[in-house]
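Architecture and fold: a report
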Amino acid sequence: MVKGPTAKSILRHEFLGLRVRAEPRGGGMVHEGEVVGETRNMLRILRDDGRIIMLPKNSYTFIFTLPRGEKVKVEGWAIIGRPEERLKKRYRRW
Amino acid sequence: MPDIRRIAVERVARLMEFAERHASERPELARDAVLLAMRIARKARVRIPYRYRRLFCRKCGTPFLTPGSLRVRVRARRSTHVVITCLRCGYVKRIPALREKTK
């Protein structure tokens, strides 16, 4: 039985608790930390230095580290949507 | 294509585990995680796994993972039962204690 998010199911899975690295699309400061919150357009990240910041999904590319160890790079605009809505299908986009 | 339900159950489990981890230092985050878990379960019509069901208040979503968030009493008035009171919202949950030998 498949346990935990896979590279394919990451779009519909939960981000909370995953380690993430956020790179702004236009270039700029990169953030690394753990996902602690999510809204329709933003991700809330607890940075390694202890600060909590919110980043707009649209402007960043995220690299999530799955519990098994794999890393998945996801474009921010592909994960727009409230977490409970992302669960029930959204699109066939990678 | 994996079933929405299966993903939902996994998500609920991971959310509750997240709440457990952060409950002591950041209770607000833990509560948000619990609320999300409840919403996910509701949307996907899956039940919250039994071992997580007792860990939080059904009314306000506060996890019962730190001392000071709940009150537990054992009452034997009508029948022996355990009373759990959420100290945030006042919601009271009663659990009948059948099989009084092994609880």
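Reference entry: report on the structure contained in this document. (Residues numbered from 1 in each chain as written. Chains lettered and ligands numbered in written order. Predicted model: local features only at pLDDT ≥ 70, side-chain atom pairs only at ≥ 80, totals over all residues. Heavy atoms only, no water.)

With that settled, consider the overall build of chain A. From N to C terminus, chain A includes one helix and six strands. Listing every helix and strand of chain A by position from the N terminus yields β-β-β-β-β-β-α. Taken against the 2.2 N^0.38 rule, which gives 12 Å for 94 residues, the C-alpha radius of gyration of chain A at 12 Å falls within 12% of a compact globule. Seen along its three principal axes, the alpha-carbon backbone of chain A occupies a region of about 35 × 25 × 20 Å. Sorting the 94 residues of chain A into buried and exposed places 49% on the buried side. With 21 positive and 11 negative side-chain charges, chain A shows a spacing of 6 Å between the two charge centroids. (Helix = DSSP H or I, 4+ residues; strand = E, 2+ residues; numbered from the N terminus. Rg over C-alpha atoms; globule rule 2.2 N^0.38 Å. Buried < 20%, exposed > 50% of the residue type's maximum accessible area, 1.4 Å probe, protein only. Lys, Arg positive; Asp, Glu negative; His and termini not counted. Charge placed at Lys NZ, Arg CZ, Asp CG, Glu CD.)

In this section: the interface of chain B and chain A. Size of an interface, as often reported, equals the accessible area lost when the parts are brought together. Each side of the interface is counted separately: chain B has 21 residues, and chain A has 27 residues. Of the roughly 2,200 Å² buried at the junction of chain B and chain A (both faces included), carbon and sulfur atoms supply 60%. Contact with chain A buries area across many residues of chain B, yet Arg-11, Arg-14 and Lys-43 of chain B alone supply 29% of it, more than any other trio. Across the contact surface, chain B and chain A share four salt bridges. With a closest N to O distance of 3.0 Å, Arg-21 of chain B and Glu-34 of chain A form a salt bridge. Linking chain B to chain A there are seven residue pairs in polar contact (both at pLDDT 80 or more). Residue assignment for the side of chain B that touches chain A shows that the elements contributing at least two residues are helix 1 (4-22) and helix 2 (27-44) of chain B. (Contact = heavy atoms within 4.5 Å. Buried area = accessible area lost by both parts, 1.4 Å probe. Salt bridge = Lys/Arg side-chain N within 4 Å of Asp/Glu carboxyl O. Polar contact = N/O pair within 3.5 Å; in protein donor to acceptor, adjacent residues only side chain to side chain.)

Before going further, it helps to examine the environment of Gly-76 of chain A. Residue and element names in this part refer to chain A. Structurally, Gly-76 can be placed in the loop between strand 6 (71-75) and helix 1 (83-87). Gly-76 sits 14 residues away from Phe-62 along the chain, and the two C-alpha atoms are 6.4 Å apart. When neighbours within four sequence positions are excluded, Gly-76 is seen to be in contact with Lys-57, Tyr-60, Thr-61 and Phe-62.

This brings us to the sheet that holds strand 4 (residues 52-56) of chain A. Residue and element names in this part refer to chain A. Taking strand neighbours across the sheet as the criterion, the six strands line up as 4-3-2-1-5-6 in an open arrangement whose pairing is antiparallel. The open sheet has two edge strands with one neighbour each: strand 4 and strand 6. The average undirected angle you get between the axes of adjacent strands in this sheet is 40°. Summarising the sheet, strand 5 (residues 60-65) and strand 6 pair through five bridges and their orientation is antiparallel. Residue pairing for strand 6: Ile-63 is matched across the bridge by Lys-73. (Pairing = 2+ DSSP bridges. Axes fitted to C-alpha atoms, helices over the stretch in contact; angles between N-to-C directions.)

This paragraph deals with the packing of helix 1 of chain B against helix 2 of chain B. Residues and elements named next belong to chain B. Where helix 1 contacts helix 2, the two axes come as close as 8 Å, and the packing angle between them is 165°. Considered as vectors, helix 1 and helix 2 are oriented roughly antiparallel to each other. Crossing handedness for the pair helix 1 and helix 2: left-handed. In contact with Arg-5, Ala-8, Arg-11, Val-12, Leu-15, Met-16, Phe-18, Ala-19 and His-22 of helix 1, helix 2 contributes Pro-27, Leu-29, Ala-30, Ala-33, Val-34, Leu-36, Ala-37, Ile-40, Ala-41 and Ala-44. (Parallel < 35°, antiparallel > 145°, perpendicular 65-115°, else oblique. Left-handed = near helix turned anticlockwise from the far one by under 90°.)

Turning to the side chain of His-22 of chain B, a few remarks are in order. Note on placement: His-22 of chain B falls in helix 1. Contact partners of His-22 of chain B, with chain neighbours within four places excluded, come to Glu-34 of chain A together with Pro-27, Leu-29 and Ala-30 of chain B.

Coordinates in, geometry out; function isn't part of it.
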